[in-house]
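Examining the three-dimensional arrangement
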Amino acid sequence: MNQLLSTTVLLFSFKLSEVTMMFPNAYDVLVELPFFVDKTEMLKTLFDDEQPSQAGNPFYYITCPRGFGKTINLLMVKSFAEIILDENGHPKNYTETETFARFSKLNIAKHDNIMSNHMARYPVIIIDLSDIFHYGTSLEDTCLALNTILWFELQNYIKLHELDKHLEKFEKPDRQFIQNIQRKNFTAEQVQMGLYRLTKILYELFNETKVIILVDEFDTTATLSLLTTKTYALEANAMINGMLTQAFEYARKYIKLVLLTGITTLSYSSDPNKLHNTPHFPFLNDHQFTAFYGFGEQDVDKLFDKYECDETERIQVRERHKGYSSSQNGTILYNSFSMVNYFMNKENDTKVASEAVVKNAFKQRTPLGPMSNFLKNSEFRKHIEDLLEKGKFTYPISKIHHPDAINTLMMLKGRRFAGTEPIHVPTFFTFYFEMGYFSHFGGNHTYVLPNQEVTETLDAIMKVYKELSAQTTPSRV
């Protein structure tokens, strides 16, 4: 496996925290890849001072399926906005940084005000929740994981050997927080206040410079708590929501931007508080972020040209991977991970069938278990079978409301699936729409299977379910 392929696999397969540790300048590496797609116009949307959100509520929760570039866009924001220090710990002039040289070649460079006012200017905190159970599943383990994240982020700006000289700058509760996370001597209540404390400390450390908070895989514990009856998931979710809520409520004046990413809104919709009204931008809804997730038609055309693909190949690739369409404007998107797999195989000049690689990747990155509980209901099975046969299914794509979310969660946990019980078809389809199984067709009232990749995956799930069902005696829960 050549160096390019090895690097690509690492960047697209590892978690955000792992990528930033292995590649401190990970976005630099991404920019140099032959299948890099420039999404830096998103920075204008996030940092434009004329946007009402920047004056009022600079909080964003963006959801889309796996493989649409959520983590890469977080790396982009971090690389662009993170303050860069000289050897004495003082911020550098942004024009003297590698950041300036890198982004000057990208689309954001035409927006001088964004470059001059926001590049290399802010402390950035990254909270990656994808591996929150690394230390174990007890509440103490979750606290240790969060403590480790906060301590790592603090050390990005205060080196261990310089810690003592900085402590005197902060108020007593903040000094105690730093000492406690260093010694791993903390209570659950102190950890819940940890993100607030860290945000306040960085704000004061850099002379009242506001802080950016990036949260990847925000819905990890929330979704797990909804898909299992295990108490550890509920405890972890409560701990994380408590930590974020404390920071968002009490550290608001210290915050420049909060960007959370996730996959499904089901957990978000079942929370009546909606994490203190953080605005939500769902998958394929027409909003200011739609075009920044996934590859668009022009992006794919440029890659076709770069790799000198003939018309036959272009048609075959589009048939296999095209199909995600926004609700109103009809913006066409491709799964970035799928397309990178395809072009990565071409770059590596292998004879491995790209289609098989991509299909397996899609299956591995999709939760198959919860669907089996839905499929125990004969009406759900019929909808899926009709969808596979006809390619589309007319049913209103619903916004998941609190009561429907709770009922659907009960079914996801396997508690309600008898054929005689009321079912929530719109919520079911909306949930799997968010996972990337379906797309819009002709507005908000018809689901379609986006492409061959997804059709084959869903067909394989149905076959496995039927085989397993034939081997066991059906039971009622």
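Residues numbered from 1 in each chain as written. Predicted model: local features only at pLDDT ≥ 70, side-chain atom pairs only at ≥ 80, totals over all residues. Heavy atoms only, no water.

**Things to note about the overall build of the protein**
Stated formally: Where helices and strands are cited, they refer to DSSP runs of H or I of at least four residues and of E of at least two residues respectively, numbered from the N terminus. Relative accessibility under 20% of the residue-type maximum defines a buried residue, over 50% an exposed one, and the middle range a partly exposed one, all with a 1.4 Å probe and only protein chains included. We call two residues in contact whenever any of their non-hydrogen atoms come within 4.5 Å of each other. In short, Shrake-Rupley with a 1.4 Å probe defines the accessible areas, and a residue's cover is counted only from the protein chains shown.
If you tally the helices and strands in the protein, you get 26 helices and eleven strands. For the protein, the proportion of its 477 residues judged to be buried stands at 53%. Of all intrachain contacts in the protein linking residues separated by at least 6 positions in sequence, the fraction that spans at least 24 positions is 76%. Accessible surface, the protein as shown: approximately 21300 Å² in total, 49% of it carbon and sulfur.

**Notes on helix α19 (residues 311-321)**
Operational definition: By arc we mean the arc of the directions from the helix axis to the C-beta atoms, nothing more. N or O atoms within 3.5 Å of each other form a polar contact, as long as, within protein, one can give a hydrogen and the other can take it, and as long as residues adjacent in sequence are counted only when both atoms are side-chain atoms.
The complete set of buried residues in α19 reads E313, R314, V317, R318, R320 and H321. All buried residues of α19 fall inside an arc of 165° around its axis, so they share one side. Turned more than 90 degrees away from the buried face of α19 sit E311, T312 and Q316, all of them exposed. Of the residues flanking the start of α19, the one acting as N-cap is D310, its side-chain oxygen 3.2 Å from the backbone nitrogen of T312. One or two residues past the end of α19 sits G323, with phi positive at roughly 145°.

**Quick word on the pairing of strand β4 (residues 255-262)**
Sheet faces and side chains relate simply in a regular strand, where the side chains alternate between the two faces. Counted only if it meets this: Strands were regarded as paired on the criterion that DSSP finds at least two bridges between them.
With respect to burial, β4 is a largely interior element, eight of its eight residues being buried. The sheet contact formed by strand β1 (residues 59-63) and β4 spans five bridges and is parallel. Note on β4: the bridge partner recorded for Y60 is L259. Relative to β4, strand β3 (residues 211-216) runs parallel, the two being bridged by five bridges. Pairing of I212 across the sheet is with L257, part of β4.

**A few points about empty space enclosed by the protein**
Heads up, the rule is: Points on a 1 Å grid over protein atoms alone make up a cavity when a 1.4 Å probe fits among them but cannot get out, and a pocket when they form an open set with protein on both sides within 12 Å along at least five of seven lines; lining residues each have an atom within 4 Å of a point. Grid points are joined across faces, edges and corners, and a volume is the space filled by probe spheres set on the points. Three categories are distinguished: nonpolar for Ala, Val, Leu, Ile, Met, Phe, Trp, Tyr, Cys and Pro, charged for Asp, Glu, Lys and Arg, and polar for the others, with Gly belonging to the last.
Going through the model one piece at a time under the given rule, you end up with three cavities of 30 Å³ or more. The calculated volume of the largest cavity comes to roughly 190 Å³. Surrounding the largest cavity, 18 residues form its lining, F36, V37, K39, I72 and F295 being those nearest its centre. Listing elements by their share of the lining of the largest cavity, those giving two or more residues are α3 (26-32), α6 (70-81) and α20 (336-348). When its residues are assigned to classes, the lining of the largest cavity shows 13 nonpolar, four polar and one charged.

**A word on the environment of K376**
Relative to the elements of secondary structure, K376 occurs in the loop between α22 (369-375) and α23 (378-390). Considered as a pair, K376 and S469 are 93 residues apart in the sequence and their alpha carbons are 9.1 Å apart.

**Quick word on unusual backbone geometry**
A positive phi angle, near 55°, is found at K184, a position not held by glycine. Exposure remark for K184: the relative accessible area of 53% places this residue in the exposed category. For E208, which is not a glycine, the phi torsion comes out positive at approximately 65°. Tracing the chain through its elements places E208 in the loop between α13 (194-205) and β3.

**Some words on the sheet that holds strand β6 (residues 295-296)**
An order of β6-β8-β7 is seen for the three strands of this open sheet, with the pairing classed as antiparallel. Strand pairing shows two members of the sheet lacking a second neighbour, β6 and β7 (324-325), which therefore form its edges. As paired strands, β7 and strand β8 (residues 332-334) are joined by two bridges and run antiparallel to one another. Looking across to β8, one finds that Y324 is bridged to L333.

**Observations concerning the pairing of β3**
By the criterion of burial, β3 is predominantly enclosed, with six of the six residues buried. One ladder, built from five bridges, connects strand β2 (residues 124-128) with β3; its direction is parallel. Note on β3: the bridge partner recorded for I127 is V215.

**A word on the confidence of the model for the protein**
Note the threshold: Confidence of the predictor at the level of single residues is captured by pLDDT, which takes values from 0 to 100.
Of all residues in the protein, 72% have pLDDT values of 70 or greater, and the mean over the chain is 77. Note on residues 397-423: pLDDT under 50 across the span, and 74 contacts to partners over four residues away in sequence or across chains.

**Structural notes on the pattern of salt bridges**
Note the cut-off: Salt bridges are counted wherever a side-chain nitrogen of Lys or Arg sits within 4 Å of a carboxyl oxygen of Asp or Glu.
Scanning the model with the defined rule gives 17 salt bridges in all. The salt bridge partner of E171 is K200, with a shortest N-O separation of 3.4 Å. Here E171, found in the loop between α10 (163-167) and α11 (172-183), pairs with K200, found in helix α13; they are 29 residues apart in sequence, far enough to count as distant. E171 sits in the partly exposed class, given a relative accessible area of 47%. Relative accessible area serves as the criterion here: at 5%, K200 is assigned to the buried category. It is possible to trace a salt-bridge network through shared partners that takes in E171, D174, R197, K200 and E204.

**A look at the packing of α11 against α13**
Put simply, the rule reads: Orientation is described by axes fitted as lines to C-alpha atoms, over the contacting stretch for helices, and by angles from 0 to 180 degrees between their N-to-C directions. Convention used here: angles under 35 degrees read as roughly parallel, angles over 145 as roughly antiparallel, angles from 65 to 115 as roughly perpendicular, and any remaining angle as oblique. Handedness of each helix crossing follows the sense of rotation of the near helix against the far helix: counterclockwise by less than a right angle gives left-handed, clockwise gives right-handed.
Two numbers describe how α11 lies on α13: the axes approach to 10 Å, and their chain directions differ by 110°. It follows that α11 is roughly perpendicular to α13 by the angle criterion. Where α11 crosses over α13, the two elements pack in a sense that is left-handed. Every residue of α13 that contacts α11 at P173, D174, F177 and I178 is listed here: G194, R197, L198, K200, I201 and E204. Along the lines of polarity and charge, the residues of the contact of α11 with α13 split into five nonpolar, one polar and four charged.

**Here's the deal with the sheet that holds β1**
Pairing is parallel across the open sheet formed by five strands, whose spatial order is β2-β3-β4-β1-β5. Sheet topology places β2 and β5 (280-281) at the edges, where each strand pairs with a single neighbour.

**So, the packing of aromatic side chains**
Note the threshold: The rule is short: rings of Phe, Tyr and Trp, with Trp giving its six-membered ring, pair when the centres are within 6.5 Å, and they are stacked under 30 degrees, edge-to-face over 60, tilted in between.
Evaluated as defined, the whole model comprises 20 aromatic pairs. Between Y61 and F218, the aromatic rings sit 5.0 Å apart at their centres with planes inclined by 80°, giving edge-to-face as the arrangement. On the criterion of sequence distance, the pair formed by Y61 in strand β1 and F218 in the loop between β3 and α14 (220-227) is long-range, its members being 157 residues apart. Given a relative accessible area of 1%, Y61 falls into the buried group.

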